[in-house]
Amino acid sequence: MTEKKSRLRNENYIAYVNSFDPPTHHFKNCLHAFGVGGFICCIGQFFRVVLESAFGLSGDELSGTVSILLIFLGTLLTGLGVYDRIGRTAGAGSIVPITGFANSVCSPALEFKTEGWIYGLAAKMFVVAGPIIVYGVLSGTLVGVIYWLLG
(Lines give C-alpha, C1' and ligand atoms only; values in the text may rest on other atoms or scores of the structure.)
Protein backbone atom coordinates (compact mmCIF):
# COMPACT_ATOMS: atom_id res chain seq x y z
CA MET A 1 0.00 0.00 0.00
CA THR A 2 2.83 2.44 0.76
CA GLU A 3 4.41 1.77 -2.64
CA LYS A 4 1.17 2.79 -4.33
CA LYS A 5 1.01 5.99 -2.24
CA SER A 6 4.64 6.74 -3.05
CA ARG A 7 4.04 6.28 -6.77
CA LEU A 8 0.95 8.50 -6.61
CA ARG A 9 2.91 11.15 -4.72
CA ASN A 10 5.68 11.06 -7.36
CA GLU A 11 3.16 11.39 -10.17
CA ASN A 12 1.51 14.33 -8.41
CA TYR A 13 4.88 16.00 -7.92
CA ILE A 14 5.80 15.51 -11.59
CA ALA A 15 2.44 16.96 -12.65
CA TYR A 16 3.02 19.91 -10.31
CA VAL A 17 6.51 20.60 -11.72
CA ASN A 18 5.28 20.27 -15.31
CA SER A 19 2.56 22.84 -14.64
CA PHE A 20 5.29 25.50 -14.22
CA ASP A 21 7.33 24.35 -17.22
CA PRO A 22 6.12 25.87 -20.48
CA PRO A 23 5.72 23.41 -23.35
CA THR A 24 8.56 23.24 -25.85
CA HIS A 25 7.74 23.99 -29.47
CA HIS A 26 10.44 21.98 -31.26
CA PHE A 27 9.38 22.76 -34.82
CA LYS A 28 9.11 26.50 -34.14
CA ASN A 29 12.51 26.52 -32.38
CA CYS A 30 14.15 24.66 -35.28
CA LEU A 31 12.57 27.04 -37.76
CA HIS A 32 13.88 30.08 -35.85
CA ALA A 33 17.36 28.55 -35.57
CA PHE A 34 17.42 27.74 -39.28
CA GLY A 35 16.17 31.20 -40.24
CA VAL A 36 18.56 33.18 -38.05
CA GLY A 37 21.57 30.98 -38.81
CA GLY A 38 20.77 31.21 -42.52
CA PHE A 39 20.36 34.99 -42.28
CA ILE A 40 23.78 35.32 -40.59
CA CYS A 41 25.27 33.23 -43.39
CA CYS A 42 23.51 35.44 -45.97
CA ILE A 43 25.10 38.49 -44.35
CA GLY A 44 28.48 36.78 -44.68
CA GLN A 45 27.76 36.00 -48.32
CA PHE A 46 26.75 39.64 -48.87
CA PHE A 47 30.07 40.78 -47.40
CA ARG A 48 31.83 38.31 -49.67
CA VAL A 49 30.13 39.55 -52.84
CA VAL A 50 30.70 43.21 -51.95
CA LEU A 51 34.38 42.70 -51.08
CA GLU A 52 34.93 40.60 -54.19
CA SER A 53 33.35 43.09 -56.58
CA ALA A 54 34.27 46.41 -54.94
CA PHE A 55 37.79 45.64 -53.70
CA GLY A 56 38.82 42.74 -55.93
CA LEU A 57 39.64 40.44 -53.01
CA SER A 58 39.88 36.71 -53.62
CA GLY A 59 40.99 33.50 -51.97
CA ASP A 60 42.37 33.66 -48.43
CA GLU A 61 42.23 37.47 -48.31
CA LEU A 62 38.52 37.40 -49.06
CA SER A 63 37.77 34.62 -46.58
CA GLY A 64 39.80 36.26 -43.83
CA THR A 65 38.20 39.66 -44.35
CA VAL A 66 34.68 38.21 -44.29
CA SER A 67 35.51 36.31 -41.09
CA ILE A 68 36.90 39.44 -39.47
CA LEU A 69 33.80 41.44 -40.42
CA LEU A 70 31.47 38.77 -39.02
CA ILE A 71 33.48 38.56 -35.79
CA PHE A 72 33.38 42.36 -35.48
CA LEU A 73 29.63 42.38 -36.14
CA GLY A 74 29.02 39.65 -33.53
CA THR A 75 31.16 41.47 -30.96
CA LEU A 76 29.51 44.81 -31.67
CA LEU A 77 26.00 43.36 -31.36
CA THR A 78 27.03 41.63 -28.11
CA GLY A 79 28.37 44.88 -26.70
CA LEU A 80 25.14 46.65 -27.61
CA GLY A 81 23.06 43.89 -25.99
CA VAL A 82 21.37 42.93 -29.26
CA TYR A 83 23.01 39.52 -29.75
CA ASP A 84 21.59 38.18 -26.49
CA ARG A 85 18.07 38.99 -27.68
CA ILE A 86 18.80 37.32 -31.02
CA GLY A 87 20.13 34.27 -29.15
CA ARG A 88 16.99 33.98 -27.03
CA THR A 89 14.87 33.70 -30.15
CA ALA A 90 17.24 31.81 -32.42
CA GLY A 91 18.93 29.40 -30.02
CA ALA A 92 21.53 27.33 -31.84
CA GLY A 93 21.05 29.36 -35.02
CA SER A 94 22.96 32.22 -33.43
CA ILE A 95 25.60 30.05 -31.79
CA VAL A 96 26.79 27.94 -34.70
CA PRO A 97 28.15 30.66 -37.05
CA ILE A 98 31.39 32.49 -36.28
CA THR A 99 29.37 35.34 -34.75
CA GLY A 100 28.36 32.97 -31.95
CA PHE A 101 32.01 32.32 -31.17
CA ALA A 102 32.63 36.08 -31.02
CA ASN A 103 29.67 36.35 -28.64
CA SER A 104 31.05 33.57 -26.42
CA VAL A 105 34.34 35.46 -26.04
CA CYS A 106 32.85 38.95 -25.69
CA SER A 107 30.04 38.19 -23.21
CA PRO A 108 32.22 37.03 -20.28
CA ALA A 109 34.64 39.88 -20.95
CA LEU A 110 31.81 42.39 -20.61
CA GLU A 111 30.38 40.64 -17.58
CA PHE A 112 33.63 40.68 -15.59
CA LYS A 113 35.11 44.01 -16.77
CA THR A 114 34.32 45.62 -13.40
CA GLU A 115 36.88 43.30 -11.76
CA GLY A 116 39.72 44.97 -13.67
CA TRP A 117 41.84 44.27 -16.72
CA ILE A 118 43.78 41.28 -15.38
CA TYR A 119 41.46 39.42 -12.98
CA GLY A 120 38.27 40.39 -14.75
CA LEU A 121 38.62 40.98 -18.46
CA ALA A 122 41.70 38.89 -19.28
CA ALA A 123 41.03 36.02 -16.86
CA LYS A 124 37.35 35.54 -17.65
CA MET A 125 37.34 36.27 -21.39
CA PHE A 126 37.81 32.65 -22.44
CA VAL A 127 35.66 31.01 -19.75
CA VAL A 128 33.11 29.89 -22.34
CA ALA A 129 35.27 29.80 -25.47
CA GLY A 130 38.40 28.33 -23.84
CA PRO A 131 37.32 24.69 -23.93
CA ILE A 132 36.19 25.14 -27.53
CA ILE A 133 39.61 26.46 -28.50
CA VAL A 134 41.49 23.76 -26.55
CA TYR A 135 39.51 20.83 -27.94
CA GLY A 136 39.46 22.36 -31.42
CA VAL A 137 43.24 22.66 -31.46
CA LEU A 138 43.71 19.18 -29.97
CA SER A 139 41.33 17.47 -32.38
CA GLY A 140 42.82 19.38 -35.32
CA THR A 141 46.30 18.30 -34.26
CA LEU A 142 45.17 14.70 -33.84
CA VAL A 143 43.57 14.64 -37.30
CA GLY A 144 46.70 16.25 -38.76
CA VAL A 145 48.96 13.62 -37.18
CA ILE A 146 46.71 10.80 -38.41
CA TYR A 147 46.67 12.34 -41.90
CA TRP A 148 50.47 12.70 -41.80
CA LEU A 149 50.90 9.05 -40.71
CA LEU A 150 48.59 7.78 -43.43
CA GLY A 151 50.12 9.97 -46.17
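Residues numbered from 1 in each chain as written. Predicted model: local features only at pLDDT ≥ 70, side-chain atom pairs only at ≥ 80, totals over all residues. Heavy atoms only, no water.

> I tried to follow the overall build of the chain on my own but got confused; where do I start?
Within the chain one finds eight helices and zero strands. Taken from N to C terminus, the helices and strands of the chain fall in the order α-α-α-α-α-α-α-α. Relative to the globule expectation of 15 Å for 151 residues, the C-alpha radius of gyration of the chain, 22 Å, shows a markedly less compact shape. Once the C-alpha set of the chain is aligned to its principal axes, its extents read approximately 80 × 45 × 40 Å. (Helix = DSSP H or I, 4+ residues; strand = E, 2+ residues; numbered from the N terminus. Rg over C-alpha atoms; globule rule 2.2 N^0.38 Å.)

> What should I look at first to understand the nonpolar core in this one?
Inside soluble globular proteins, nonpolar side chains tend to come together where they are buried. Listed in full, the six residues of the largest apolar core are F47, L51, L57, L62, V66 and L70. Of all the elements in the fold, those that place two or more residues in this core are α2 (26-55) and α3 (59-79). If you tally residues by element for this core, the top one is α3, at three residues. When residues no more than four places from it in sequence are discounted, the contact partners of V66 are G44, F47, R48 and L51. (Core = buried A, V, L, I, M, F, W, Y, C linked by side-chain atoms within 4.5 Å. Buried < 20%, exposed > 50% of the residue type's maximum accessible area, 1.4 Å probe, protein only. Contact = heavy atoms within 4.5 Å.)

> So what exactly am I meant to see when it comes to the packing of α2 against α3 here?
The description of two helices packed together rests on the angle between their axes and the distance between the axes. Two numbers describe how α2 lies on α3: the axes approach to 9 Å, and their chain directions differ by 135°. Between α2 and α3, the angle is such that the two are oblique. You can see that α2 and α3 cross each other, and the crossing is right-handed. In contact with I40, I43, G44, F47, R48, L51 and E52 of α2, α3 contributes L62, S63, T65, V66, L69, L70 and L73. A class-by-class count of the residues in the contact of α2 with α3 yields nine nonpolar, three polar and two charged. (Axes fitted to C-alpha atoms, helices over the stretch in contact; angles between N-to-C directions. Parallel < 35°, antiparallel > 145°, perpendicular 65-115°, else oblique. Left-handed = near helix turned anticlockwise from the far one by under 90°. Nonpolar A, V, L, I, M, F, W, Y, C, P; charged D, E, K, R; others polar.)

> Which parts of the structure should I look at to understand the packing of aromatic side chains?
Applying the stated criterion to the full structure yields two aromatic pairs. Each ring, one from Y16 and one from F20, has its centre 5.0 Å from the other, and the planes form 80°; the classification is edge-to-face. Of the two residues, Y16 and F20 are both situated in helix α1 (residues 2-20); the distance of four residues between them amounts to about one turn of the helix. Residue F20 is classed as exposed on the basis of its relative accessible area, which comes to 59%. When the centroid spacing of 6.3 Å and the interplanar angle of 50° are considered together, the rings of F46 and F47 count as tilted. (Phe/Tyr/Trp six-rings, centres within 6.5 Å; stacked < 30°, edge-to-face > 60°.)

> What exactly am I supposed to notice about the packing of α3 against helix α4 (residues 82-90) here?
As a packed pair, α3 and α4 sit with axes 5 Å apart at the nearest point and diverge in direction by 95°. Classified by the angle their axes make, α3 and α4 are roughly perpendicular. Contacts between α3 and α4 involve G74, L77 and T78 from the former and V82, Y83 and I86 from the latter. Among the residues making up the contact of α3 with α4, the classes are represented as four nonpolar, two polar and no charged.

> Help me understand helix α6 (residues 98-111), please; the structure alone is not making it clear to me.
Three- or four-residue spacings in an α-helix give side chains the same orientation, since the helix completes a turn every 3.6 residues. Its 14 residues give α6 an end-to-end C-alpha distance of 20 Å, which sits within 8% of 20 Å, the value for a rise of 1.5 Å per residue. The set of residues buried in α6 consists of T99, G100, A102, N103, S104, V105, C106, P108 and A109. (Expected span 1.5 Å × (residues − 1).)

> I keep staring at the side chain of T99 and nothing clicks. Help me out?
For T99, the location among the structural elements is in helix α6. Each residue touching T99, except ones within four places of it in the same chain, is listed here: I40, L70, G74, Y83 and S94.

> So what exactly am I meant to see when it comes to the side chain of S94 here?
With respect to the helices, strands and loops of the structure, S94 is situated in helix α5 (residues 92-95). A distance of 3.0 Å separates a polar side-chain atom of S94 from the backbone oxygen of G91. When sequence neighbours within four positions are dropped, the list of residues in contact with S94 reads V36, I40, Y83, I86, G87, T99 and G100. (Polar contact = N/O pair within 3.5 Å; in protein donor to acceptor, adjacent residues only side chain to side chain.)

Spatial relationships are all this shows, so hold off on functional conclusions.
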